[in-house]
Amino acid sequence: MGGEAEKWVLMVTARTPTNIAVIKYWGKRDETLILPINDSISVTLDPSHLCTTTTVSVSPSFDQDRMWLNGKEISLQGGRFQSCLREIRARAQDVEDKKKGITIKKEDWQKLNLHIASYNNFPTAAGLASSAAGLACLVFSLAKLMNLKEDNSQLSAIARQGSGSACRSLYGGFVKWCMGKEENGSDSLAVQLADEKHWDDLVIIIAVVSARQKETSSTSGMRDTVVTSALIEHRAKEVVPKRIVEMEDAIQNRDFPSFARLACTDSNQFHAVCLDTYPPIFYMNDTSHRIISCVEKWNRAEETPQVAYTFDAGPNAVMIARNRKTAASLLQRLLYNFPPQSDTDLDSYIIGDKSILQDAG
Ligand code: DP6
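Residues numbered from 1 in each chain as written. Predicted model: local features only at pLDDT ≥ 70, side-chain atom pairs only at ≥ 80, totals over all residues. Heavy atoms only, no water.

### A look at the overall build of the chain
A count of helical and extended segments in the chain gives eight helices and 17 strands. At 21 Å, the chain has a C-alpha radius of gyration in line with the 21 Å of a compact globule built from 361 residues. Across its three principal axes, the chain shows a C-alpha extent of roughly 70 × 40 × 40 Å. For the chain, with 361 residues in total, the buried portion stands at 54%. Looking at the chain alone, contacts between residues at least 24 apart form 74% of all its contacts between residues at least 6 apart. For the chain, the accessible surface area stands at approximately 15,800 Å², while carbon and sulfur atoms represent 49% of it. Treating the 41 positive side-chain charges of the chain as one cloud and the 44 negative ones as another, the clouds have centres 1 Å apart. (Helix = DSSP H or I, 4+ residues; strand = E, 2+ residues; numbered from the N terminus. Rg over C-alpha atoms; globule rule 2.2 N^0.38 Å. Buried < 20%, exposed > 50% of the residue type's maximum accessible area, 1.4 Å probe, protein only. Contact = heavy atoms within 4.5 Å. Areas by Shrake-Rupley, 256 points an atom, 1.4 Å probe, with all protein chains shown as cover. Lys, Arg positive; Asp, Glu negative; His and termini not counted. Charge placed at Lys NZ, Arg CZ, Asp CG, Glu CD.)

Below, the structure written as structure tokens:
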């Protein structure tokens, strides 16, 4: 380790988009390693709309690991952050910055402390997969800083230990999280099904029904579901495996009617198992239900479905329009029926494309 008077700081900045599952992950078979009870598939969004930007820095003058989220210091003591930091430090390599005259040997990473500053450009913990973008970005930027040799799929297995859905944000386009079979989680990782250029006429519109933080976190909600729901086993073992195969086909063939049917029914079944949890979990509200009715009515009136909808652990609607023309028409209908900031309590709209992971640093 070197550098003039040990005053140096080395930093990396990365930007990672969030992802929205079209076949949902809900339920773990291992809480510590974050191993799911079923495979899931997601679409990675355009980073200009929903993304986390993280700067990680290292300096011999830092006396402890510290992290700030949206400008406020948060604790790094949670087991999940510690798991990610431990796994990354264990794989760290030698780093040399000739311009600054800094050399860090791989064993030095165990002693050096980190400062991490993360910023979400969208509401945190409001059911818009903020933890997915956040943990993926943390792992990606630290991997760059510490010069890890692992590819994105191997990094996804580390991000998974921070938050399950985060593993899917290591890739752009369409991504599958394979649940894996190994007890140590080594095969529970993300793979890219199709890149961001595949099926690029899809447009995503998010209706932010409420930017408030959700009452039941995904982590505790899915834990309660696994323990109390009589339907979850049927979903994980019988329904999802078939849907995964069908969804992969629909994506490869750009088959929008199948894609929409699978995404909508899977979202509905996820919310059904939430309702089947005891005590029941209500993530959607009246506005969410009215949005579903509006889309269903429109799809039925057309020869073929125009829009797919999906809702995560919150009331916000993610709608996927089959092309730009449909997206314009969808937006017109939404603005007419659900004007933002009106008594429908709908906050705003976000419009974006599928996109790629970006390394800004
Ligand atoms: C409804 O990944 O937030 O968004 O693994 O406990 O951190 P933890 O949960 P998280 O759960 C996401 C659930 C979901 C569905 C999905 O993204 O597949």
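Read on, since the account is not over.
### Structural notes on the sheet that holds strand β1 (residues 10-17)
One open sheet accounts for five strands, arranged β1-β6-β11-β7-β8; its pairing is mixed. Both edges of this open sheet fall to β1 and β8 (72-74), since each of them pairs with a single strand only. Neighbouring strand axes in the sheet, compared pairwise and without regard to direction, differ in orientation by 20 degrees on average. One ladder, built from four bridges, connects strand β7 (residues 66-69) with strand β11 (residues 113-120); its direction is parallel. For Leu 69, the partnering residue across the bridge sits in β11 and is Ser 118. Packed on one face of the sheet, helix α1 (residues 79-91) meets β7, β8 and β11 and runs near 125 degrees to β11. (Pairing = 2+ DSSP bridges. Axes fitted to C-alpha atoms, helices over the stretch in contact; angles between N-to-C directions.)

### Thoughts on the nonpolar core
Core analysis: the largest hydrophobic core is formed by 51 residues, its most contacted members being Phe 174, Met 247, Phe 259 and Met 319. In contact with Met 319, not counting residues within four places along its chain, are Val 203, Ile 204, Ile 205, Ala 207, Ile 291, Val 295, Val 307, Ala 308, Tyr 309, Leu 330 and Leu 334. One finds Trp 8, Cys 84, Val 95 and Leu 135 within the second-largest nonpolar core, a separate group that totals 36 residues. (Core = buried A, V, L, I, M, F, W, Y, C linked by side-chain atoms within 4.5 Å.)

### Brief notes about α1
Between the first and last C-alpha of α1 there are 19 Å, a value that for 13 residues agrees with the 18 Å anticipated at 1.5 Å per step. All of the buried residues along α1 are Phe 81, Ser 83, Cys 84, Leu 85, Glu 87, Ile 88 and Arg 89. (Expected span 1.5 Å × (residues − 1).)

### Some words on the confidence of the model for the chain
Regions with low pLDDT should not have their predicted coordinates read in detail. In this model, the chain carries an average pLDDT of 90, and 90% of its residues clear a pLDDT of 70 or more. A low-confidence stretch, residues 354-361 stays under pLDDT 50, and its non-local contacts, those more than four residues away or across chains, total 39 contacts. Complex prediction metrics read pTM 0.93 and ipTM 0.99. (pLDDT = per-residue confidence, 0-100.)

### Here we look at the site of the ligand
Taken together, 18 residues surround the ligand, and among them Tyr 25, Lys 28, Ser 163, Ser 165 and Arg 168 come closest. Here Arg 80 contributes a side-chain N or O atom positioned 2.8 Å from an oxygen atom of the ligand. Residue Ser 163 places a side-chain N or O atom 2.7 Å away from an oxygen atom belonging to the ligand. In the complex, 95% of the free accessible area of the ligand, which totals 460 Å², lies under the protein chains. Per-class residue counts for the shell around the ligand are seven nonpolar, six polar and five charged. (Near = heavy atom within 4 Å. Polar contact = N/O pair within 3.5 Å; in protein donor to acceptor, adjacent residues only side chain to side chain. Nonpolar A, V, L, I, M, F, W, Y, C, P; charged D, E, K, R; others polar.)

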